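Coordinate analysis (summary)
The chain contents come next:
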Amino acid sequence: MYVGFIGLGAMGRPMALNLARSGTPLVVWNRTPDRCEALRAAGAEVAARPAKVFDRAGTVILMLADEAAVDAVLGRGTPDFADLVAGRTVVHMGTTSAEYSAGLQDAVRAAGGRYVEAPVSGSRIPAERAELVGMTAGDDAAVAAVRPLLAAMCRETFDCGAVPGALLMKFSVNLFLITLVTGLAEAFHFADRHGLDQRLLRDVLDAGPMASAVSRVKGPKLLTRDFTVQAAATNVLENNRLIAEAARKAGLASPLLDACHALYGEAVEQGHGAEDMVAVLHALESRTDATPASVRRSEAHAKRP
């Protein structure tokens, strides 16, 4: 039986390519057809429309941009939905709200299908290297059946219990990631505006206890002002929004996340949404440049004890 893969964006295409290269019989679809050519070259079948993927596959992986895209592909709310998912396993690997995923599970089960929530942590380069970190939630049997497929895309996969446990776990991870990268960008901005050698800052960070795989990737990008996308600022802003909404619904304080949300919103508004998440640097620079130095010194002096 074929495995289906729908959604061949910046993350989906390398993930699907790793599946195809592992020997998995694959049938794919993407809204923009030319994104399928690399998969065709790797031996995958290319379907003319989503329904053809479900015709061929017992398990269908969705790596789609948002809730509207998932609903559109599945024909949710139409009679086509049950015809597509009955007797099949739907694997939701994109990032949506936890409530949406729980509702989708209920709908898939009611139509006679199985559902696995399987978001991943990592950006384009880990996706290309099959080094993503997977998180799964759902019925034990469905998760166990999907786990070998995830092994072709992920370095390691963690069971997070019932839906929406995997998405909530991803939100927790991404909260740390977003605040970490924003703090790193602010550190480089601080060093730059004090006339420090940013290469030296990178070296000091790399030598110290705060170094991480993230800082060693994002630090050089900040140093050279390389905004080539790995994780787009627009996507980070959307993740930030989802996490903030989950925090509000649970009555949780998230002051660091809220500050990042504002900064990423400003970066996107300034036209940097398609750039890498380190483009939050632009928002920091704009805030600094919008405030006269004399005002900043006066405010600092006033805050001294």
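Rules and cut-offs
- Residues numbered from 1 in each chain as written.
- Predicted model: local features only at pLDDT ≥ 70, side-chain atom pairs only at ≥ 80, totals over all residues.
- Heavy atoms only, no water.
- Helix = DSSP H or I, 4+ residues; strand = E, 2+ residues; numbered from the N terminus.
- Contact = heavy atoms within 4.5 Å.
- Expected span 1.5 Å × (residues − 1).
- Buried < 20%, exposed > 50% of the residue type's maximum accessible area, 1.4 Å probe, protein only.
- Axes fitted to C-alpha atoms, helices over the stretch in contact; angles between N-to-C directions.
- Left-handed = near helix turned anticlockwise from the far one by under 90°.
- Nonpolar A, V, L, I, M, F, W, Y, C, P; charged D, E, K, R; others polar.
- Core = buried A, V, L, I, M, F, W, Y, C linked by side-chain atoms within 4.5 Å.

Along the polypeptide, serine 101 turns up in helix H6 (residues 98-110). Residues in contact with serine 101, not counting those within four places in the same chain, are His92, Thr96, Tyr115, Glu117, Val163 and Leu167.

Bringing helix H12 (residues 233-249) into the picture now. The end-to-end C-alpha distance of H12 is 24 Å, a good match for the 24 Å that 17 residues give at a rise of 1.5 Å each. For H12, the set of buried residues is Ala233, Val236, Leu237, Asn239, Asn240, Leu242, Ile243, Ala244 and Ala247. Glycine 251 sits one or two residues past H12 and shows a positive phi near 70°.

Close contact between helix H9 (residues 165-193) and helix H13 (residues 255-272) brings their axes to 10 Å; oriented N to C, the two are set at 65°. As H9 runs across H13, the sense of the crossing is left-handed. From H9, Leu175, Ile178, Thr179, Val181 and Thr182 reach across to H13, where they touch Leu256, Leu257, Cys260, Leu263 and Tyr264. Its residues placed into classes, the contact of H9 with H13 shows eight nonpolar, two polar and no charged.

Looking now at the nonpolar core. Of all hydrophobic cores here, the largest spans 31 residues; its most connected members are Phe5, Met15, Leu26, Leu39, Met93 and Met153. Secondary structure elements with two or more residues in this core: strand E1 (2-6), helix H1 (12-21), strand E2 (26-29) and helix H8 (140-151). Leaving out residues up to four positions away in the same chain, leucine 26 has contacts with Tyr2, Val3, Phe5, Ala16, Leu19, Ala20, Leu39, Ala44 and Glu45. In terms of nonpolar packing, the next biggest core, distinct from the first, is built from 30 residues, Ile178, Val236, Leu237 and Ala267 among them.

Let's shift gears to the side chain of serine 123. You can see serine 123 is positioned in the loop between strand E7 (120-121) and helix H7 (124-128). With a relative accessible area of 17%, serine 123 lands in the buried category. Other than its neighbours up to four places away in sequence, serine 123 contacts Met11, Leu132, Gln230 and Ala231.

Taken by themselves, the reported measurements are silent on function.
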